[in-house]
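Coordinate inspection notes
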Amino acid sequence: MSLHGRETDRDRIAADLRGGRSVVILGGAGIGKTELWRGVLEALQKQGTPVCRVVATATTRLIPGGVFAGLIAHAAPSRSASDRIVATLRALAAEGETAVICVDDAHLLDDESAAAILQHALSGGRLLLTARTGEPAPDAVRRFWKDGIASVWNVGPLDAEASAALVEEQVGAPVERLTQARLY
């Protein structure tokens, strides 16, 4: 996987997670948060760290606990989706080394899921989240960076060299410098 100049970020984020910290990757739409998130997941898995990967969407936000539906489907019924999520996260944490819960687009979590991951982090669980800047997010998600519960990595645009490499990779051939500069 080519991260186009974000390999150092990937390695530092993975080190933070291995060190017991949760991490939030923040940035604008289309800036490369998810690609960096995937790179960190791959690095963790290669090192034998268990991960639990979920992706929040506008649709899963409509359902309490919707982002965790695949995980909690087999959890014992209880009074709320939040209780089932917390039980599922605890079960994952009990399996040997604590799994890193990885949530892409955490700004799209429903309130119950957001509250459950916050409680998981506050009780020592490790999380890797991405969130879009400039978008509303549940208060429980904003607390990760607002209250210092997680390390925050702000992702900005690629530099000119990384942008040129990305363009050439997508085109599958060399691209002349003037074109690279215009695209950048």
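Here, the structure is the one placed above.
One structure accompanies this document, and this report is about it. Note that the structure is a prediction, hence the values are computed from the model and not measured.

**Comments concerning helix 5 (residues 111-122)**
Along its 12 residues, helix 5 runs 16 Å from first to last C-alpha, staying within 8% of the 16 Å computed at 1.5 Å per residue. Every buried residue belonging to helix 5 is among Ser113, Ala114, Ala116, Ile117, Leu118, His120 and Ala121, and all of these are buried. Its side-chain oxygen placed 3.1 Å from the backbone nitrogen of Glu112, Asp110 serves as the N-cap of helix 5. Phi turns positive one or two residues past the end of helix 5, at Gly124, with a value near 100°.

**Observations concerning helix 2 (residues 33-46)**
When the terminal C-alpha atoms of helix 2 are compared, their 20 Å separation across 14 residues agrees well with the 20 Å that a helix rising 1.5 Å per residue should span. Burial in helix 2 covers these residues: Lys33, Leu36, Trp37, Gly39, Val40, Leu41, Ala43 and Leu44. Those residues of helix 2 that are buried are in contact with helix 1 (7-18), strand 1 (22-27), strand 2 (51-55), strand 3 (100-104) and strand 4 (126-132). After helix 2 finishes, the residue Gly48 shows a positive phi value of roughly 85°.

**Brief notes about the environment of Asp110**
Along the chain, Asp110 falls in the loop between strand 3 and helix 5. According to the relative accessible area criterion, Asp110 is buried, its value standing at 6%. When the C-alpha positions of Asp110 and Thr57 are compared, they lie 9.6 Å apart, and in sequence the two are 53 residues distant. With sequence-adjacent residues up to four places away left out, Asp110 is seen in contact with Thr60, Arg61, Ile63, Pro64, Gly65 and Gly66. Here Gly65 takes part through its backbone nitrogen, which lies 3.1 Å from a polar atom of the side chain of Asp110.

Conventions adopted
- Residues numbered from 1 in each chain as written.
- Predicted model: local features only at pLDDT ≥ 70, side-chain atom pairs only at ≥ 80, totals over all residues.
- Heavy atoms only, no water.
- Helix = DSSP H or I, 4+ residues; strand = E, 2+ residues; numbered from the N terminus.
- Expected span 1.5 Å × (residues − 1).
- Buried < 20%, exposed > 50% of the residue type's maximum accessible area, 1.4 Å probe, protein only.
- Polar contact = N/O pair within 3.5 Å; in protein donor to acceptor, adjacent residues only side chain to side chain.
- Contact = heavy atoms within 4.5 Å.

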